[in-house]
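Next come the chains, spelled out residue by residue.
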Amino acid sequence: LTITAVNHPALENRKLREGRLVCVLPKDHPLTRKKFIQPKDFANTTFISYPRFSPIGIIVDDAFREHGEVHHADIEVRYCFSACTLVNAGVGVAVVDEFALFGSSMPNLVTRPFRTNHRVAVTLSYAKANPLSRLAQLFIDDYLWQGTSGGSASPAKHQ
């Protein structure tokens with residue numbers, strides 16, 4: 001499972017969900033008063049972001065460019081969950097995919113929508129030569145499709 005398709009001729013890619021980018025903030029941060037966040041709002045804050053060559057770094061760069069802004073990270077991390085952990089500790093603010101906080105408890109963190117048209121897709125990649133097992137298909141249908149936001153509907157259950 002990745003946030004971008006893995007381009008390889010031997011792999012099949014299946015987009016399972018699409019999600020928004022959100023801004024994560026310490027609960028006492030001044031930006032929590034805003035209904036949504038855009039790149040210019042990060043002036044004078046410690047911005048936690050990602051290496052530009054990484055899949056999420058490319059998505060965040062594109063979202064900033066959409067607003068005519070250049071994204072400058074004060075702190076770089078590799079994963080959205082790492083960014084959330086630092087924000088929860090009060091280190092700064094970050095933009096993450098909306099899936100980054102599923103199943104975690106970070107009481108000092110709040111989210112706000114990040115104003116962008118860019119989305120993050122959760123993609124399942126698997127070998128074309130090896131069809132998914134029945135168990136894998138049930139996992140996708142019964143677990144990964146549940147709670148899908150953005151209007152996507154679960155495909156018909158496999159017999």
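The text that follows walks through the structure, step by step, so that each part is easy to find. All values reported here derive from a predicted model rather than from experimental measurement.

So, how was this worked out
- In every chain, residue numbers begin from 1 and rise along the written sequence.
- Reporting in this predicted model follows two pLDDT cut-offs: at least 70 for local features of residues, and 80 or more for side-chain atom pairs to be given and counted; totals over whole chains, interfaces and linings ignore these cut-offs and use all residues.
- Computation of side-chain values: all heavy atoms of the structure, hydrogens and water removed.
- Under the scheme used here, helices are H or I runs from DSSP no shorter than 4 residues and strands are E runs no shorter than 2 residues, and both carry numbers assigned from the N terminus.
- Throughout this description, buried means an accessible area under 20% of the type-specific maximum (1.4 Å probe, protein chains only), exposed means over 50%, and partly exposed covers the range between.
- Any two residues whose heavy atoms approach within 4.5 Å are treated as being in contact.
- Strands qualify as paired when DSSP identifies two bridges or more between them.
- Convention adopted: a line fitted to C-alpha atoms gives each axis, helices being fitted over their contacting stretch, and angles between N-to-C directions are expressed from 0 to 180 degrees.
- Centres within 6.5 Å make a pair out of two Phe, Tyr or Trp rings, where for Trp the six-membered ring is used; the pair is then stacked when the planes are under 30 degrees apart, edge-to-face when over 60, and tilted otherwise.
- For this document, the term salt bridge refers to a Lys or Arg side-chain nitrogen within 4 Å of an Asp or Glu carboxyl oxygen.

**Comments concerning the overall build of the protein**
Scanning the protein for helices and strands turns up three helices and seven strands. Evaluated residue by residue, the protein yields a buried proportion of 40% over its 159 residues. Partitioning the intrachain contacts of the protein with sequence separation of at least 6 by distance along the chain shows that 73% fall at a separation of at least 24.

**Topic: the sheet that holds strand E3 (residues 47–49)**
Across the sheet, which stays open at both edges, the five strands sit in the order E4-E3-E5-E2-E6 with mixed pairing between neighbours. The outermost strands of the open sheet, each flanked by one partner alone, are strand E4 (75–76) and strand E6 (109–113). Summarising the sheet, E3 and strand E5 (residues 93–97) pair through two bridges and their orientation is parallel. Looking at the pairing, Phe47 lines up with Val93 of E5. Across the sheet, helix H1 (residues 55–66) lies against strand E2 (21–26), E3 and E5, angled at about 95° from E2, the strand it touches most. In this fold helix H2 (residues 80–88) packs onto E2, E3, E4, E5 and E6, with an angle of close to 145° to the strand it touches most, E5.

**Quick word on the packing of aromatic side chains**
A complete count under the given rule lists five aromatic pairs for this structure. With 6.0 Å between their ring centres and 25° between their planes, Phe42 and Phe114 make a pair best called stacked. One end of the pair, Phe42, is in the loop between E2 and E3; the other, Phe114, is in the loop between E6 and strand E7 (120–127), with 72 residues separating them in the sequence. Phe114 shares its class with Phe42; the two are buried. For the pair Phe47 and Phe64, a centre-to-centre distance of 5.6 Å together with 50° between the ring planes defines the contact as tilted. With Phe47 in strand E3 and Phe64 in helix H1, this residue pair connects regions lying 17 residues apart in the sequence. Note on Phe47: relative accessible area 3%, which makes it buried.

**A few points about the environment of Leu124**
Of note, Leu124 is situated in strand E7. For the pair Leu124 and Leu11, spaced 113 residues apart in the sequence, the C-alpha separation amounts to 9.8 Å.

**A closer look at the pattern of salt bridges**
Per the counting criterion, the structure on display carries six salt bridges. Notably, a salt bridge pairs Asp41 with Lys34, separated by 3.6 Å at the nearest N-O pair. With a relative accessible area of 12%, Asp41 lands in the buried category. The class of Lys34 is partly exposed, set by a relative accessible area of 35%. A salt bridge links Asp61 to Arg65; its shortest N-O distance comes to 4.0 Å. Taken together, the residues span about one helical turn, with Asp61 and Arg65 both in helix H1 at a distance of four residues. Relative accessible area serves as the criterion here: at 53%, Arg65 is assigned to the exposed category.

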